[in-house]
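Listed here are the chains, written in short residue letters.
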Amino acid sequence: MFIPHTKAETEEMLKSIGVSSMADLFADVPEKYRFPKLNLPSGVTEMEVLSELTDYSQANEPVSELVSFLGAGAYNHYIPAVIDSLLRRSEFYTAYTPYQPEISQGTLQAVFEFQSLISNLTGMDASNASHYDGATATAEAGVMAYHHFRGKRTRIILSPAVHPQYREVLCSYLCNYENISIETGGKEKGPFENPSELIPLIDDQTALVVVQYPDFFGRIFDYKILAEKTHENGALLAVVANPTALGLIKAPGEFGADIVVGEGQPLGIPLSYGGPYLGFFATKKELVRKMSGRLVGETTDAQGRRGYVLTLTAREQHIRREKATSNICTNQGLMTLAATIYLSLLGKHGLKQIANLCYQKAHYAAQQISTVTGFEIVNKEPFFHEFVVKCPKSVEEINNDMLDNGILGGYDLGIDYPQLKNHMLVAVTEMNSKDDIDAFVELLREAGND
Amino acid sequence: MTEPTIYELSSAGRIGVQFPESDVPAFKVPDEFIRTNLPLPELSEVDVVRHFTHLSTKNYSIDTGLYPLGSCTMKYNPKINEVTSRLPGFANIHPLQPIETVQGSLALMYSLQEQLKEISGFAAVSLQPAAGAQGEFVGVKIIHAYHQSRGDFKRTRILIPDSAHGTNPATSAMNGLEVIPIPSDSRGNVDLAKLHDLCDETVAGLMLTNPNTLGVFDENVLEVIETVHRAGGLVYGDGANLNALLGITRPGDLGFDVMHFNLHKTFSTPHGGGGPGSGPVGVAPHLVDFLPAPIVSIIEEATEEIPPLYGLTIPAKTIGRVKAFYGQFGVMVRAFTYIRMHGAEGLKKVAEYAVLNANYILSRIRDKYTLPYDRSYMHEFVVEGCWSDAPDVHALDVAKRLMDYDFHPPTNYFPLIVHEALMIEPTETESKQVLDKFADALLKIAEEAHSSPELLKEAPHHTPVGRLDEVKAAKELVLCCWLPESN
């Protein structure tokens, strides 16, 4: 199939090498363990594999055949046709990391444009070429802050309203690392505490404060005072931001964030059962050299022609070896390209329009749900496109009924927060029409009446 | 020709895509939160399509030609993978849907875990790690957690041969372990005497790339592993070079305790200009409980009428979660497609021809390039890109000159233990004709290095840009089209 050799060519090649058979090439492998019999089904043709994979895919119920109110870190947005059409240019997707700039200018310029778009969207000075996803980008913020203070500040203050899986990943990266301690707020007031309640936790041992914007419950806070208090203590503020929301609400750079990270999936990347997604990471000029991950910079060739190269590579693992602060090697190349095309296509007007549609529809949904007996909108603060509904019975039960009616209900917050049993996190995007929302509200009403 | 940036192409008021008007009553965003300045470009759909199409033509790619980057396994990426991974039932499912609605995905992931177990000889596999580097991080973390769980806190050192992959030392440091390098012997194997000296009760483990980055299979691999095990350490296998071992031998059988796979190398998923990768981790029986959570399991066995119910479970002593959700699912679909098409026989053929191709190129050029270790190689090999009688020419020049012959250069200056290294991995998908052309180019360049070295020094001559000023890039640090004010 994908091996082009004819029998005659193979013979000729073996002869040129000076061995008499293919097996002779593997003499260094211990004989006892050489050529195991693999118990795998026989290979199939392309026609058969497509049929088999189609069967697997049809055992799923995709969001495209349902009406979805599920978000919690992955969002159902419209992806314009241009994006996949360009992503399928195989000059992009069958290339590798642009180690040879002379023949990788396509990838390099696209990454440079990605960095520019992310810097401008977040209100920061510089962005890297991406991390694996929002969760690992958040963890890398912790790693960067710890090394920024050369290990002298050992506390990370983590808001309980940061995505629970991001908090888990941050802990996997740092909990047992040297003497770092991660303090999660919300011990007294629960997960809904306000950011001001994190302030007493910040001290001169604090390296980093991490909040989400809008937070995991969809709430929008102005983190200006938190940023001031963080800086008064000499610490850094990391903001986990939703990129769609940044089309409508203030950039984190405006209220003093030092690091802005987030999940780029809403920017033209399919839901795809959780990956591949895109972690973005932006920071201030003075911290650029502390940032891990690939970076593309502009330069010129001998003739003065503009071009792009990977730069500041001396920070990276293959050069600094064990002194590097991160081992990241690949980025999410193709996903950064998707986001770059998405942001270029939507531009200033499109992103604002999408963000506004999400906002309007979510608020309509919340207003309608607030009229349903037994259900309560928990969010008191402004919110973006997600909000918390307190339900009169278990979210699982409600969602099962929803599913029978072709609706994918919201996220069951009780899974991560025991205090939030019977609380549903509802996400609304431009993909939800007024009719969808009305049908969803009607099903909640029926659920409340049972 | 220089392609303008999207910011240079922008024209105020231009719109690339329109969305429907809102169909709900208006709600006002509180003024204090409204963003007033959104510096994004304004382009039409045609602008965007032409811009990125132009950019694509400035890339070299596998679909353009041979891409012999050592240790990167740049094999042909079958087109069917791009079709299966985009099936609506895969592309449009939300990671937090109830498991009953995603049985297709879970069944596929379960099968992929089983396939990888069979191919590698490990007892269990987690698909969660996002890339090889993250797989390594997980592997070393598992080793660390294993010792800690046994109350063995003095194991703080990790042994790394100087022929290992470049990410290994940083990975160990991220886990708070001290890195102890081990030299290679005169045949490119781990220096056994040195290993014996270093193996004591402070050793957490050894990170072994086998075949290593020289492209040779360690002739003493069983003794190496046994030595570490006898000292109470565990052995981590860097699976980046697994392409050479498919159906040839199983790392689990050789005694490795844990290993990561690179689905984007071995199983043909596209490299995407630098990602996404996917780095599942396989472990021996004593480490199963430490895998990152969650993994896919059968939670209700099949009956005669009903298929099994697949679900997500958390291993008892898990090192935790290293990524949101379950891994790079779209990449898994591609790898699964590839493995299904090959079966056991097909996979073995992959390894055989990958090794054949590497040794064939070597047989064609070995008289003109210095070979630091004269023995048989696996799927890649390393030569020196320099000659004592052509003192001005370096490996970099050879690499750049290859572009003039329409080839992507090999990995250069790695591994660090070979002077002026050129690390060549052709993969199995290249025909004899392509390999001959490549070998011819290398031979011609060896000749040019002596007859007209300036041709190499000034190369490449026919690319969209010439050699770029990397010092200037690092000094001026222009990272953004809309530049923050310079220093």
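Worth saying up front: this structure is predicted, and the values here are computed from it rather than measured.

**Regarding the overall build of chain B**
Then, number 1: Within chain B, the secondary structure is distributed over 16 helices and twelve strands.
Then, number 2: At 25 Å, chain B has a C-alpha radius of gyration in line with the 23 Å of a compact globule built from 487 residues.
Then, number 3: Reported as C-alpha extents along the three principal axes, the dimensions of chain B are approximately 75 × 65 × 50 Å.
Then, number 4: Counting all 487 residues of chain B, 58% fall into the buried class.
Then, number 5: Pairs at least 24 residues apart make up 74% of the contacts formed inside chain B by residues separated by at least 6 positions.

**Quick look at the overall build of chain A**
Then, number 1: Secondary structure summary: chain A contains twelve helices and 15 strands in total.
Then, number 2: For the C-alpha atoms alone, the extent of chain A along its principal axes is close to 80 × 55 × 50 Å.
Then, number 3: Looking at chain A as a whole, 61% of its 450 residues are labelled buried.
Then, number 4: When contacts within chain A are restricted to residue pairs at least 6 apart in sequence, long-range pairs at least 24 apart make up 72% of them.

**Focus: the pairing of strand β6 (residues 236-241) of chain A**
All names here are of chain A.
Then, number 1: Counting buried positions along β6 yields six of six residues, so the element is predominantly enclosed.
Then, number 2: Burial of the side chains of β6 extends over both faces: L236, A238 and V240 are buried on one face and L237, V239 and A241 on the other.
Then, number 3: Relative to β6, strand β5 (residues 206-213) is paired through six bridges, and the arrangement is parallel. By the bridge assignment, V209 is partnered in β6 with L237.

**Re the sheet that holds strand β2 (residues 126-127) of chain A**
All names here are of chain A.
Then, number 1: Taken together, the seven strands give an open sheet; going across it, the order is β2-β8-β7-β6-β5-β3-β4, and neighbouring strands pair in mixed fashion. Two strands lie at the open edges of the sheet, namely β2 and β4 (181-184), each paired on one side alone.
Then, number 2: Bridge count between strand β7 (residues 259-263) and strand β8 (residues 279-283): five bridges; the pairing is antiparallel. In the sheet register, I259 faces β8, and the bridge partner there is T283.
Then, number 3: Contacts from helix α6 (residues 134-148) reach β3 (155-158), β5, β6, β7 and β8 within the one sheet, and its direction differs from that of β7 by about 160°.
Then, number 4: Strand contacts of helix α7 (residues 164-174): β3, β4 and β6, with the helix running at about 160° to β4, the strand carrying the most contacts.

**What about the packing of α6(A) against α7(A)?**
Think of two packed helices as two axes; the pair is described by the angle between the axes and how far apart they sit.
All names here are of chain A.
Then, number 1: At their nearest, the axes of α6 and α7 sit 8 Å apart, and the two run at 45° to each other. Looking at the two axes, α6 sits oblique to α7. Seen along the crossing, α6 lies across α7 with a hand that is right-handed. Between α6, through G134, A135, T136, T138, A139, G142 and V143, and α7, the contact on the second element is made entirely by Q165, Y166, V169, L170, Y173 and L174.
Then, number 2: Grouping the amino acids of the contact of α6 with α7 by side-chain chemistry returns eight nonpolar, five polar and no charged.

**Structural notes on the sheet that holds strand β4 (residues 203-209) of chain B**
Residue and element names in this part refer to chain B.
Then, number 1: Read across the open sheet, the seven strands follow the order β1-β7-β6-β5-β4-β2-β3; overall the sheet is mixed. Whereas interior strands pair on both sides, the edge strands pair on one side only; in this sheet they are β1 (124-126) and β3 (178-182). Within this sheet the neighbouring strands show an average axis-to-axis angle of 20°, counted without direction.
Then, number 2: The pairing of strand β5 (residues 234-238) with strand β6 (residues 258-260) spans three bridges and is parallel. By the bridge assignment for β6, Y236 is matched with V258.
Then, number 3: Sheet contacts for helix α5 (residues 103-120): β1, β6 and β7 (281-283); angle to β1, the most-contacted strand, approximately 125°.
Then, number 4: Along the sheet face, helix α9 (residues 221-230) touches β4 and β5 and points at about 165° away from the line of β4.

**Quick word on the domain arrangement of chain A**
Then, number 1: Domain assignment breaks chain A into domain 1 (7-58), domain 2 (67-78 + 349-449) and domain 3 (82-342).
Then, number 2: Put simply, the middle of domain 1 of chain A and the middle of domain 3 of chain A, counted by C-alpha atoms, are 42 Å apart.

**Quick notes on the interface of chain A and chain B**
Then, number 1: Counting from both sides, the interface comprises 170 residues of chain A and, opposite them, 168 residues of chain B.
Then, number 2: The element contributing the most residues to the side of chain A that touches chain B is helix α10 (residues 333-369) of chain A, with 23 residues.
Then, number 3: The residue makeup of the side of chain A that touches chain B, split by class, is 81 nonpolar, 59 polar and 30 charged.

**Things to note about unusual backbone geometry**
Residue and element names in this part refer to chain B.
Then, number 1: Omega for the bond connecting N210 with P211 falls within 30 degrees of zero, at 0°, which places this linkage in the cis form.
Then, number 2: Its location among the elements puts P211 in the loop between β4 and α9.
Then, number 3: A cis amide bond links G275 with the next residue in sequence, P276, at an omega value of 5°.
Then, number 4: Residue position: P276 is located in the loop between α11 (263-266) and β7.
Then, number 5: Here Y413, not a glycine, exhibits a phi torsion of approximately 60°, which is positive.
Then, number 6: Turning to its location among the elements, Y413 is positioned in the loop between β11 (411-412) and β12 (421-424).
Then, number 7: A residue is classified by how many C-beta atoms lie within 10 Å of it, and Y413, with 17 of them, is partly exposed.
Then, number 8: A positive phi angle is found at L477, which is not glycine, with a value near 50°.
Then, number 9: Secondary-structure assignment places L477 in the segment after α16 (470-476).
Then, number 10: What makes L477 buried here is the crowd of 21 C-beta atoms within 10 Å.

**Brief notes about helix α12 (residues 329-365) of chain B**
Then, number 1: Here α12(B) contains 37 residues, and its C-alpha end-to-end distance of 41 Å is more than 12% below the 54 Å for a straight helix at 1.5 Å per residue.
Then, number 2: Burial runs high along α12(B): 33 of the 37 residues are buried.

**Regarding the environment of B:P183**
Residues and elements named next belong to chain B.
Then, number 1: Along the polypeptide, P183 turns up in the loop between β3 and α8 (192-198).
Then, number 2: With 13 C-beta atoms counted inside 10 Å, the residue P183 sits in the partly exposed group.
Then, number 3: The sequence separation of P183 and L195 amounts to twelve residues, and the corresponding C-alpha distance is 8.9 Å.
Then, number 4: Once you skip the residues sitting within four places of it in the chain, P183 turns out to touch D162, D191 and K194.

**A closer look at the pairing of β7(A)**
All names here are of chain A.
Then, number 1: The buried fraction of β7 is high, at five of five residues.
Then, number 2: Alternating residues of β7 divide into I259, V261 and E263 and V260 and G262, and every residue in both groups is buried.
Then, number 3: Sheet topology places β6 next to β7; three bridges connect them, and they run parallel. Paired with V239 across the bridge in β7 is V260.

Rules used in this analysis
- Residues numbered from 1 in each chain as written.
- Chains lettered and ligands numbered in written order.
- Predicted model: local features only at pLDDT ≥ 70, side-chain atom pairs only at ≥ 80, totals over all residues.
- Helix = DSSP H or I, 4+ residues; strand = E, 2+ residues; numbered from the N terminus.
- Rg over C-alpha atoms; globule rule 2.2 N^0.38 Å.
- Buried ≥ 20, exposed ≤ 12 C-beta atoms within 10 Å, placed from the backbone.
- Contact = placed C-beta atoms within 7 Å.
- Pairing = 2+ DSSP bridges.
- Axes fitted to C-alpha atoms, helices over the stretch in contact; angles between N-to-C directions.
- Parallel < 35°, antiparallel > 145°, perpendicular 65-115°, else oblique.
- Left-handed = near helix turned anticlockwise from the far one by under 90°.
- Nonpolar A, V, L, I, M, F, W, Y, C, P; charged D, E, K, R; others polar.
- Domains from an automatic or database assignment.
- Expected span 1.5 Å × (residues − 1).

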